[in-house]
Amino acid sequence: MSRTFLALLYYDGGDFVGWQRQAAGRTVQGEVEGVLERLCERRIVAHGAGRTDAGVHALGMGVSFSVPASWTSERLLRALNGLLPRDCWVERVVETVPGFHARKSATGRRYRYDIGTDHGAASPFRRRYEWALHRPLELGLLEEAAAQIRGEHDFRAFAVRSEPKPHYRCTVRTARWEARPEGAGVRLTIAADRFLHHMVRFLVGTMVDISLGRRPVEEMRALLASTDNQDTSPPAPPQGLFFEAADYPAELFVSPGNSTEEPVSGKDRPK
């Protein structure tokens with residue numbers, strides 16, 4: 001007998017080669033599965049709500065796994081936080097129905113991207129967690145560009161060219177730029193039913209070029225109609241990107257109080 005759980009995981013992605021287990025390099029999935037194997041004395045597979053790349057962070061990554069039925073949410077929370085490395089932390093653990101999968105069961109995801117435009121962006125306490133651009137950006141142009149991507153579109157121009165996919169359509173539910181506190185720069189919040197590989201970083205890189213006057217805002221619509229990424233701006237660097245939340249239907253949780261119809265996310269977020 002086993003029980004399935006969802007853990008909400010924070011991690012600093014700076015020293016990881018990404019979420020997904022790889023032949024070489026330190027991964028978040030590898031660290032989580034290593035701890036679960038110690039706890040259960042057998043191989044346990046952990047599934048993440050997203051597959052973040054090297055340098056990308058998380059403030060509420062959903063991670064699902066099945067363990068022996070003797071485990072409870074409370075025991076797992078204590079055990080995971082007692083054994084995970086210092087750059088990982090679990091906010092909470094909730095029980096789900098059998099067959100729950102953190103990625104396949106998600107109905108949406110939310111990311112944010114931080115850009116530092118002020119002198120202080122060069123601080124060693126900030127540049128690991130934002131794009132230290134050191135240049136002012138026109139917030140109005142960023143917002144105008146973001147407005148073009150809201151709704152359902154084909155985003156193949158904003159994705160890494162790789163193996164063919166059944167389709168490249170995504171529905172962007174939220175895409176908004178705002179000023180960060182104390183003049184530290186700007187932040188993009190973006191939510192969609194699904195994201196393609198590097199999609200947020202390509203979007204940010206292109207919108208920043210528009211804000212800097214390197215390309216007209218009208219090109220966003222042209223890129224959405226494109227069949228490749230040849231004319232898209234280079235992707236923004238990974239360190240400014242944070243996975244913030246995933247959405248899951250209430251009926252997938254054992255306790256009604258664990259409903260996550262609203263996005264699941266961490267409480268303490270860097271400003």
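Summary of the structure given here.

Cut-offs applied
Residues numbered from 1 in each chain as written. Predicted model: local features only at pLDDT ≥ 70, side-chain atom pairs only at ≥ 80, totals over all residues. Heavy atoms only, no water. Helix = DSSP H or I, 4+ residues; strand = E, 2+ residues; numbered from the N terminus. Rg over C-alpha atoms; globule rule 2.2 N^0.38 Å. Buried < 20%, exposed > 50% of the residue type's maximum accessible area, 1.4 Å probe, protein only. Contact = heavy atoms within 4.5 Å. Areas by Shrake-Rupley, 256 points an atom, 1.4 Å probe, with all protein chains shown as cover. Polar contact = N/O pair within 3.5 Å; in protein donor to acceptor, adjacent residues only side chain to side chain. Arc of directions from axis to C-beta.

Focus: the overall build of the chain
Along the chain, the regular secondary structure elements total 5 helices and 11 strands. In summary, the chain has a C-alpha radius of gyration of 19 Å against a globular reference of 18 Å for 271 residues, a match within 12%. Along the first, second and third principal axes, the C-alpha atoms of the chain reach 60 × 40 × 40 Å. Burial status across the chain gives 53% buried among its 271 residues. Here the analysis covers contacts within the chain between residues at least 6 apart in sequence; of these, 70% occur between residues at least 24 apart. Surface accessibility of the chain: about 12600 Å² in total, with carbon and sulfur atoms responsible for 49%.

Side note on the side chain of His153
Counting through the fold element by element, His153 comes out in strand β7 (residues 151–154). A polar contact of 3.3 Å, which involves the side chain of His153, links it to the backbone oxygen of Gln148. Not counting the four nearest positions on each side in its chain, His153 is found in contact with Gln148, Tyr168, Arg169, Cys170 and Leu224.

Topic: helix α3 (residues 139–149)
All of the buried residues along α3 are Leu142, Ala145, Ala146, Gln148 and Ile149. When α3 is viewed along its axis, its buried side chains cluster within an angular range of 150 degrees and face the same direction. Buried residues along α3 sit in contact with β7, β8 (169–179), β9 (185–192), α4 (199–211) and α5 (219–224). At the N-terminal boundary of α3, the capping side chain belongs to Glu138, with an oxygen 3.2 Å from the backbone nitrogen of Gly140.

Keep in mind these numbers describe shape, not what the thing actually does.
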